[in-house]
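Topology and contacts: notes
Residue strings, one per chain:
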Protein chains: 4
Amino acid sequence: MESSFITTLKDATVGDWDAIKKGNFWKLVLGHTVTPELYRDLMMEVYHYTKHNSRNQAACAIVDAPEGLLRFVYHHAADELGHERMCLHDLESLNLLDKGALQKKTLPATEALIGYLYYVSFKYGAMARLGYSFWAEDVYEQIDDALSKIRRDLSLTDRNMTFFVAHAKIDEKHIDQVTDCIERFAKTPEEQALVMQVARTTIFLTGQLLEQVAALHAK
Amino acid sequence: MESSFITTLKDATVGDWDAIKKGNFWKLVLGHTVTPELYRDLMMEVYHYTKHNSRNQAACAIVDAPEGLLRFVYHHAADELGHERMCLHDLESLNLLDKGALQKKTLPATEALIGYLYYVSFKYGAMARLGYSFWAEDVYEQIDDALSKIRRDLSLTDRNMTFFVAHAKIDEKHIDQVTDCIERFAKTPEEQALVMQVARTTIFLTGQLLEQVAALHAK
Amino acid sequence: MESSFITTLKDATVGDWDAIKKGNFWKLVLGHTVTPELYRDLMMEVYHYTKHNSRNQAACAIVDAPEGLLRFVYHHAADELGHERMCLHDLESLNLLDKGALQKKTLPATEALIGYLYYVSFKYGAMARLGYSFWAEDVYEQIDDALSKIRRDLSLTDRNMTFFVAHAKIDEKHIDQVTDCIERFAKTPEEQALVMQVARTTIFLTGQLLEQVAALHAK
Amino acid sequence: MESSFITTLKDATVGDWDAIKKGNFWKLVLGHTVTPELYRDLMMEVYHYTKHNSRNQAACAIVDAPEGLLRFVYHHAADELGHERMCLHDLESLNLLDKGALQKKTLPATEALIGYLYYVSFKYGAMARLGYSFWAEDVYEQIDDALSKIRRDLSLTDRNMTFFVAHAKIDEKHIDQVTDCIERFAKTPEEQALVMQVARTTIFLTGQLLEQVAALHAK
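Bear in mind the structure is a predicted one, so any value in this text is a computation, not a measurement. By convention here, each chain's residues receive numbers from 1 onward along its written sequence. The lettering of chains begins at A and the numbering of ligands begins at 1, in the order of writing. Two thresholds apply to this predicted model, a pLDDT of at least 70 for residue-level local features and 80 or more for giving and counting side-chain atom pairs, whereas whole-chain, interface and lining totals are computed over all residues. Only hydrogens and water are set aside when side-chain values are computed; all heavy atoms of the structure are taken into account.

Secondary structure counts use DSSP, requiring at least four H or I residues in a row for a helix and at least two E residues in a row for a strand, with both numbered from the N terminus. Across its full length, chain A holds 10 helices and zero strands. When the helices and strands of chain A are read in sequence order from the N terminus, they spell out α-α-α-α-α-α-α-α-α-α. The globule rule used for comparison is 2.2 Å times the number of residues to the exponent 0.38, while the radius of gyration itself is calculated over C-alpha atoms. Here the C-alpha atoms of chain A give a radius of gyration of 17 Å, agreeing with the 17 Å that 2.2 N^0.38 yields for 219 residues. Based on the C-alpha atoms only, the size of chain A along its principal axes is roughly 45 × 30 × 30 Å. For every residue, the accessible area (1.4 Å probe, protein chains only) is compared with the maximum for its type, and the residue is labelled buried under 20%, exposed over 50%, or partly exposed between those bounds. Within chain A, buried positions represent 62% of all 219 residues. Note on contacts: a residue pair is in contact if any heavy atoms of the two residues lie within 4.5 Å. The contacts of chain A with a sequence gap of at least 6 include a subset with a gap of at least 24, amounting to 88%. Put simply, chain A shows about 8800 Å² of open surface, and 52% of that area lies on carbon and sulfur atoms. Under the convention used here, a 1.4 Å probe and the Shrake-Rupley method define accessible areas, while residue burial counts only the protein chains that appear.

Residues and elements named next belong to chain C. In what follows, a disulfide is any cysteine sulfur pair within 2.5 Å. This model, assessed by the stated rule, comprises zero disulfides over all chains. Free cysteine: C181, not disulfide-bonded; nearest cysteine sulfur from C60 at 12 Å. Overall, the relative accessible area of 4% leaves C181 in the buried class.

Quick look at helix α8 (residues 140–153) of chain B now. Residue and element names in this part refer to chain B. For α8, with 14 residues, the first-to-last C-alpha span of 19 Å sits near the 20 Å given by 1.5 Å per residue. Residue A146 marks the point of greatest curvature in α8, where the axis turns by about 35 degrees. Those residues of α8 lying buried are Y140, Q142, I143, A146, L147, K149 and I150. Looking at the buried side of α8, the elements it contacts are α1 (4–20), α2 (24–31), α3 (36–58), α7 (126–136) and α9 (162–185). Where α8 ends, the next residue or the one after it, S155, has phi of about 50 degrees, a positive value. By definition here, a helix of n residues has an expected span of 1.5 Å times n minus one. Note on bend: at a given residue it equals the angle between the axes fitted to the 7 residues ending there and to the 7 starting there.

Taken together, the contact between chain A and chain B spans 24 residues of the former and 24 residues of the latter. Salt bridge, as applied in this entry: a Lys or Arg side-chain nitrogen positioned within 4 Å of an Asp or Glu carboxyl oxygen. Where chain A meets chain B, there are zero salt bridges. In the analysis that follows, any N or O atom pair within 3.5 Å is treated as a polar contact, provided that within protein one partner can donate a hydrogen and the other can accept it, and provided that, for residues neighboring in sequence, both atoms belong to side chains. Inspection of the region where chain A meets chain B yields nine residue pairs in polar contact (both at pLDDT 80 or more). Within the residue set of the side of chain A that touches chain B, elements represented by two or more residues are α6 (108–124) and α10 (189–215) of chain A. With 12 residues, the top contributor of residues to the side of chain A that touches chain B is α6 of chain A. Looking at side-chain class alone, the side of chain A that touches chain B contains 13 nonpolar, six polar and five charged residues. For this classification, Asp, Glu, Lys and Arg are treated as charged, while Ala, Val, Leu, Ile, Met, Phe, Trp, Tyr, Cys and Pro are nonpolar and the rest, including Gly, are polar.

Attention now moves to the pattern of salt bridges. For the structure shown, the criterion picks out 44 salt bridges over all chains. Measuring nitrogen to oxygen at the nearest pair gives 3.3 Å for the salt bridge that ties K173 of chain A to D79 of chain A. Residue K173 of chain A is located in helix α9 (residues 162–185), and its partner D79 of chain A is located in helix α4 (residues 67–80); the two are separated by 94 residues in the primary sequence. According to the relative accessible area criterion, K173 of chain A is partly exposed, its value standing at 45%. Accessibility expressed as a relative area gives 28% for D79 of chain A, which makes it partly exposed. Because the salt bridges share partners, they merge into one network encompassing E67 and R71 of chain A together with R85 of chain C.

Residues and elements named next belong to chain A. Within the element layout of this structure, S121 appears in helix α6. At a separation of 2.5 Å, a polar atom in the side chain of S121 contacts the main-chain carbonyl oxygen of N56. Here the side chain of S121 touches L117 through a polar contact of 2.9 Å, landing on its backbone oxygen. Excluding residues that lie within four positions of it along the chain, S121 makes contacts with N56, A59, C60, I62, V63 and R129.

Our next topic: the relation of the copies chain C and chain D. Alignment of the copies relies on least squares applied to C-alpha atoms, considering only residues that score at least 70 for pLDDT in both. For these two chains of identical sequence, chain C goes onto chain D by a turn of 180 degrees and a shift of 0.0 Å along the axis, with RMSD 0.0 Å. What we have between these two chains is a two-fold relation. No C-alpha of chain C lies nearer the rotation axis than that of Y116 of chain C, which sits 2.5 Å from it. When the interface residues of chain C are mapped onto chain D, 100% of them again lie at the interface, so the same face is used by both copies.

Turning to the interface of chain C and chain D, a few remarks are in order. Counting residues at the interface gives 24 residues for chain C, matched by 24 residues for chain D. A simple way to read buried area is as the amount of 1.4 Å-probe accessible surface that goes missing from two parts once joined, with both sides added. Between chain C and chain D, roughly 2000 Å² of surface is buried when both sides are summed, and carbon and sulfur atoms account for 64% of that area. Here chain C and chain D share zero salt bridges between them. Linking chain C with chain D are nine residue pairs in polar contact (both at pLDDT 80 or more). Residue assignment for the side of chain C that touches chain D shows that the elements contributing at least two residues are α6 (108–124) and α10 (189–215) of chain C. Ranked by residue count, the leading element in the side of chain C that touches chain D is α6 of chain C, at 12 residues. For the side of chain C that touches chain D, the per-class residue count stands at 13 nonpolar, six polar and five charged.

Two quantities define a packed helix pair, namely the angle between the helix axes and the distance between the axes. One way to put it is that α10 of chain C packs onto helix α6 (residues 108–124) of chain D with a least axis distance of 9 Å and a crossing angle of 90 degrees. Looking at the two axes, α10 of chain C sits roughly perpendicular to α6 of chain D. Within the contact between the two elements, α10 of chain C uses Q197, R200, T201, F204 and L205 of chain C and α6 of chain D uses P108, A109, E111 and A112 of chain D. For the contact of α10 of chain C with α6 of chain D, a count of residues per class yields five nonpolar, two polar and two charged. Comment: axis = line fitted to C-alpha atoms, over the contacting stretch for helices; angle = value between 0 and 180 degrees taken between N-to-C directions. Oblique is the label for any angle not under 35 degrees, not over 145, and not in the 65 to 115 range, which are roughly parallel, roughly antiparallel and roughly perpendicular in turn.

Here the focus is the relation of the copies chain A and chain B. Between the two copies, chain A and chain B, the superposition gives an RMSD of 0.0 Å; the rotation angle is 180 degrees and the shift along the axis is 0.0 Å. Mapped onto chain B, 100% of the interface residues of chain A are again interface residues, and the two copies thus contact each other with one and the same surface.

This part covers the environment of E45 of chain B. Residues and elements named next belong to chain B. Inspection of the secondary structure puts E45 in helix α3. Owing to a relative accessible area of 8%, E45 belongs among the buried residues under this scheme. Between the alpha carbons of E45 and L28 there is a distance of 17 Å; along the sequence they are 17 residues apart.

Turning to the packing of aromatic side chains, a few remarks are in order. Here is the rule: rings of Phe, Tyr and Trp (six-membered ring for Trp) pair when centre to centre is within 6.5 Å. Planes less than 30 degrees apart are stacked, more than 60 are edge-to-face, and the remainder are tilted. In the structure shown here, the tally under the stated rule is 41 aromatic pairs over all chains. With centroids separated by 5.7 Å and ring planes inclined at 10 degrees, the aromatic side chains of Y118 of chain A and Y119 of chain B adopt a geometry described as stacked. Of this pair, Y118 of chain A sits in helix α6 while Y119 of chain B sits in helix α6 (residues 108–124), each in a different chain. Here the two residues Y118 of chain A and Y119 of chain B agree in accessibility, since each one is buried. Plain terms: the ring middles of F25 of chain B and W26 of chain B are 5.7 Å apart, the flat faces sit at 65 degrees to each other, and that makes the pair edge-to-face. The rule is short: NZ of Lys or CZ of Arg within 6 Å of the ring centre and within 35 degrees of the ring normal puts a charge over the ring. The lysine or arginine in question, K123 of chain C, covers the ring of Y118 of chain D, its NZ or CZ lying 5.5 Å from the ring centre.

With that settled, the discussion passes to unusual backbone geometry. Residues and elements named next belong to chain B. One non-glycine residue, S155, adopts positive backbone phi at about 50 degrees. Turning to its location among the elements, S155 is positioned in the loop between α8 and α9. The exposed category is assigned to S155, whose relative accessible area is 59%.

Residues and elements named next belong to chain A. Relative to the assigned elements, R40 resides in helix α3 (residues 36–58). With a relative accessible area of 27%, R40 lands in the partly exposed category. Note: C-alpha distance between R40 and H167 (127 residues apart in sequence) is 18 Å. For R40, the contacting residues outside a window of four places in its chain are L91 and L96. Polar contacts involving the side chain of R40 include one to the side chain of D41, which spans 3.0 Å.

As structure tokens, this is what we get:
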């Protein structure tokens, strides 16, 4: 049985995703034929923040935390290491990879997401960052319709979408661990408010990342 | 005569502000009678990030920087210290201050702005943070029409707007120093790209802060 | 065949340990009957820094590093997690554990060692911290005579020395990985000088930790 | 009238300095004719940590602190900025400056002192760092006999010792501010224990810096 905080957190994050799905990215993807350039620009931003997710997970260790939570942190960081290479693989499999573009600055929302997550690690530590993992490891049910439309429009196979296919599998295991960690370690109202704050702030930034990618392809 | 990078930076930040002024906050403020509650909710978010601006300015010293730039950093940090109290003063002068609300979590965009600026400080250092100061110290010409409308609708005097009145004055001095520091210290394309990245990311987050305040009062 | 930098590093660390072994801790342990109180005070300091070693290893991820080095960092951090409990177990097995003392401040050298290693993590990152692991994972040949004397004087069995027995085994594996990482990732003279600096600074602090423990029991 | 914690702190730091004055640096300086090379090697280490003292003072702002304490931090950081240039000036006035040596690694104790103070800044914040300022701003009465002997042996004038002459004056003002800040802001036993810990750890490292300089010139 879910704890009442987990239910509250789930409701808030689902609500925030519902709002994102009323935005321009969803309109563009569902209402128009997806272009290869849109997929490329999306995957480049995903590449950029994914490159940092393993590192900002491990960096949480700078803040004191219970041993059980640190153990999750280390394993989770190790599980995510190098996943950004899947983004490049997927783009390369479609002849969409522009290696010169890898050095370019990201969109503002992506930069803010990367920076905010290091701040969470360094200032709040492992427990707070669970608020990000809580929804991010379970995001596939939220984005399924958009991903399916992209796959169909671009005739993609699993081989062209290794990042999303692999993550959907890995993350099944993670989401139970994350929920368990939140239930064990975020007990006080202050701790739970912090987990909620990190969850909502990171969803907000991710939603804006999608909006900013969409804006590059505004119809 | 302005350097060409300063011109590029100015154009980009003015362009980003123009986009914000086409958003819901401006529509709400200019198109409807401003309520005291809107002003209160705005000033509470301003209070929250202002409380951190002096600190994340000083914290830049953790990254190596030229002596002249560190000197600017320390004086700037000292100049901004305690300015969040003006927000509280202004709200109190209108009987709008709810002291219990001071402990509440901020809106996601405010939280992201605060966190991102600490990240800029400890990861990039003083030079990069000039990108934020560059537009923030000069923001009064951007927000003048909205502030005037708020002032008129709520019959505010200077005594109820000490935060904005005082800052407009202090910042006149700062903007020249900031421009001078950027010209002296951000020389290479990489350094200038970083200043630009921080400028655009912080404008983006500030624009979203305004949108999220507006969303609380959607008509 | 060892690379010439590994040889230089090995020579420097052996030389620094030889100097430590001419100090008061070795005189006290080898020249007098070791008291239970000396062993207790030693293990309490070991407990304190060990509690942080896993965390400051993982925290290195805040600084950019090659994927192979990050993978070592995460596994190493996971391997060391919770090892401070062995110190407590060993003291408890001898009825020497004073739980109230766990909250007390450490000796200055221990505090400096803990703080310096977080600084190395946060400022220099994973490659620099290899300088610490290089000698620490291989320290058993340096301290063997002192440990044997302690064991004999106090009639200790492996069950009373789990920390040292377990570590000697675990670290056999680590030292090859550490040497390999230094050879792969510390290539330039600047990188090698940094690894050397961290190695010598952490040996110096560890030597002082032993001197300060000895000073508590000066004959 | 001094508070009882200030008295305890003063006694501890004076006791620790008394121990340093029984060490090899004092023996070398007071018992032998001081060589220019000893003065040079001492001033180079002073140069290295002084270069960081202003920065690690300002960096404390990353940790939450009362406004009055932050104000002290910013002014103190500004007062100390650039003081390392006095060390270079003093060496140059004696033709003892080897500019190539500025890039060399410091002695282990100096490196540990620099690193530990950044750790204090970003982990403990401004209040804890007062423990360092407490004795460092008042160190001239401790080192007066050694400085006088150096001055006499090398026939130095104030012009060759600007670092020490200027600091002795500036620091007269600081020590009262530091004492006042400790009395106002370090109230609980935990806070006072932290100030004490930082005081003793930094004296220990400074004492070792002197020992390591002396070891370079062992007779």
